[in-house]
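# Coordinate inspection notes
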Amino acid sequence: ATRSHGTLESAMHMAAARRFRREGNVAKAKESYDNAILLEPDNPDFHLDLMLMQEETSDVEGMVRTGEHLLQAEDRFNRFQSRGRFLIPLVSAYVVTGRVEQAAGLLEKYRDASEMFRNYATSYVADGYIRMKQYPKAVAVMERLADEDVAKNGVMKSMALRELFNFNLYHATPVVGIPI
């Protein structure tokens with residue numbers, strides 16, 4: 001009986017959190033998310049919803065905290081197949097906060113999680129390296145993505161090869177002053 005009561009109560013907190021979020025009341029939404037998570041700390045959907053709100057409100061440090069919590073509890077959350085849903089925002093938050101090497105580490109560790117993760121994470125990491133003026137690293141991650149995609153899909157169907165072309169076009173002379 002305690003479990004079902006906790007589930008009902010946590011569902012009520014989540015409903016309130018989503019309502020407050022829609023209304024733009026971030027403080028009340030955060031409080032409701034926290035209450036739901038206290039009742040059901042192993043429910044990844046609660047954490048993911050909180051992370052989405054943090055993303056919407058540009059709370060990148062909050063995104064990092066929530067994402068790292070999900071990573072630490074990954075063994076419990078994998079059964080929900082939720083890993084891919086929080087990795088992309090976490091990589092983005094790492095890059096925005098200057099933690100490019102941590103973002104690159106996630107890309108390397110989970111590069112086979114999904115094609116969408118690999119593509120987005122690679123773009124974020126490459127952009128992070130560009131911001132840090134580490135151009136060879138940026139080119140290397142983009143070229144690796146293109147190589148893997150060409151091997152899998154062939155030259156004509158490779159979206160990553162097109163991304164590499166656009167990357168080189170965009171980040172060439174007009175941006176950095178030298179071709180890369």
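Reading the values: rules and limits
- Residues numbered from 1 in each chain as written.
- Predicted model: local features only at pLDDT ≥ 70, side-chain atom pairs only at ≥ 80, totals over all residues.
- Heavy atoms only, no water.
- Helix = DSSP H or I, 4+ residues; strand = E, 2+ residues; numbered from the N terminus.
- Buried < 20%, exposed > 50% of the residue type's maximum accessible area, 1.4 Å probe, protein only.
- Contact = heavy atoms within 4.5 Å.
- Areas by Shrake-Rupley, 256 points an atom, 1.4 Å probe, with all protein chains shown as cover.
- Axes fitted to C-alpha atoms, helices over the stretch in contact; angles between N-to-C directions.
- Parallel < 35°, antiparallel > 145°, perpendicular 65-115°, else oblique.
- Left-handed = near helix turned anticlockwise from the far one by under 90°.
- Nonpolar A, V, L, I, M, F, W, Y, C, P; charged D, E, K, R; others polar.
- Salt bridge = Lys/Arg side-chain N within 4 Å of Asp/Glu carboxyl O.
- Phe/Tyr/Trp six-rings, centres within 6.5 Å; stacked < 30°, edge-to-face > 60°.
- Lys NZ or Arg CZ within 6 Å of the ring centre and 35° of its normal.
- pLDDT = per-residue confidence, 0-100.
- Patch = residues over 30% accessible without salt bridge, like charges linked within 9 Å, V, L, I, M, F, W, Y side chains within 5 Å.
- Expected span 1.5 Å × (residues − 1).
- Core = buried A, V, L, I, M, F, W, Y, C linked by side-chain atoms within 4.5 Å.

### Brief notes about the overall build of the chain
- In terms of helices and strands, the chain carries 11 helices and zero strands.
- Beginning at the N terminus, the succession of helices and strands in the chain can be written as α-α-α-α-α-α-α-α-α-α-α.
- Buried residues in the chain amount to 41% of all 180 residues.
- A fraction of 49% describes how many contacts in the chain between residues 6 or more apart in sequence connect residues 24 or more apart.
- Carbon and sulfur atoms make up 56% of the accessible area of the chain, which amounts to about 10200 Å² in all.

### Let's talk about the packing of helix 2 (residues 26-39) against helix 3 (residues 44-56)
- Relative to each other, helix 2 and helix 3 sit at 165°, their axes nearing to 10 Å. Comparing their axes, helix 3 and helix 2 come out roughly antiparallel. Crossing hand, helix 2 versus helix 3: left-handed. Where helix 2 approaches helix 3, its residues Val-26, Ala-29, Lys-30, Tyr-33, Ala-36 and Ile-37 are matched on the opposing element by Phe-46, His-47, Asp-49, Leu-50 and Met-53.
- Residues of the contact of helix 2 with helix 3, tallied by class, amount to eight nonpolar, one polar and two charged.

### What about the pattern of salt bridges?
- Considering all chains together, one arrives at 14 salt bridges under this definition.
- Between Glu-115 and Lys-152 there is a salt bridge, with its nearest N and O atoms 3.2 Å apart. Of this pair, Glu-115 sits in helix 8 (residues 115-131) while Lys-152 sits in helix 9 (residues 135-153), and the two are 37 residues apart along the sequence.
- The exposure class assigned to Glu-115 is partly exposed, which follows from its relative accessible area of 34%.
- Several salt bridges converge on common partners, so that one network encompasses Glu-108, Arg-111, Asp-112, Arg-118, Arg-144 and Glu-148.

### Here's the deal with the packing of aromatic side chains
- Counted according to the given criterion, the structure contains one aromatic pair.
- Across from the ring centre of Phe-20, 4.6 Å away, lies the NZ or CZ of Arg-19, which sits over that ring.

### A word on the confidence of the model for the chain
- Across the chain, the average pLDDT comes to 84, with 86% of residues at or above 70.
- Across residues 1-5, where pLDDT falls below 50, the model places one contact with residues more than four positions away in sequence or in other chains.

### Some thoughts on a nonpolar patch on the surface
- The grouping of Val-155, Met-156 and Leu-161 at the surface amounts to a nonpolar patch, some 310 Å² of accessible area in total.
- By relative accessible area, Val-155 is classed as exposed at 52%.

### Comments concerning helix 10 (residues 159-170)
- Taking 1.5 Å of rise per residue, the 12 residues of helix 10 would be expected to cover 16 Å, and the 16 Å separating its terminal C-alpha atoms lies within 8% of that figure.
- The secondary structure elements touched by the buried residues of helix 10 are helix 8 and helix 9.

### So, the nonpolar core
- By size, the foremost hydrophobic cluster in this structure holds 34 residues, and its most contacted members are Phe-86, Leu-106, Phe-117, Val-125 and Phe-167.
- Elements supplying a minimum of two residues to this core: helix 3, helix 4 (60-72), helix 6 (83-96), helix 7 (100-110), helix 8, helix 9 and helix 10.
- Here the element with the most residues in this core is helix 6; it accounts for eight residues.
- Look past the residues within four positions of Phe-117 in its chain and what remains in contact with it is Leu-87, Ile-88, Val-91, Leu-106, Leu-107, Tyr-110, Arg-111 and Thr-122.
- Formed by 11 residues, the second largest nonpolar core is a distinct cluster that contains Met-14, Phe-20, Leu-50 and Met-53.

### Remarks on helix 4
- Relative to the 18 Å expected for 13 residues at 1.5 Å per residue, helix 4 spans 18 Å between its end C-alpha atoms, a close match to the ideal helical length.
- Of the residues making up helix 4, those classed as buried are Gly-62, Met-63, Val-64, Thr-66, Gly-67, Leu-70 and Leu-71.

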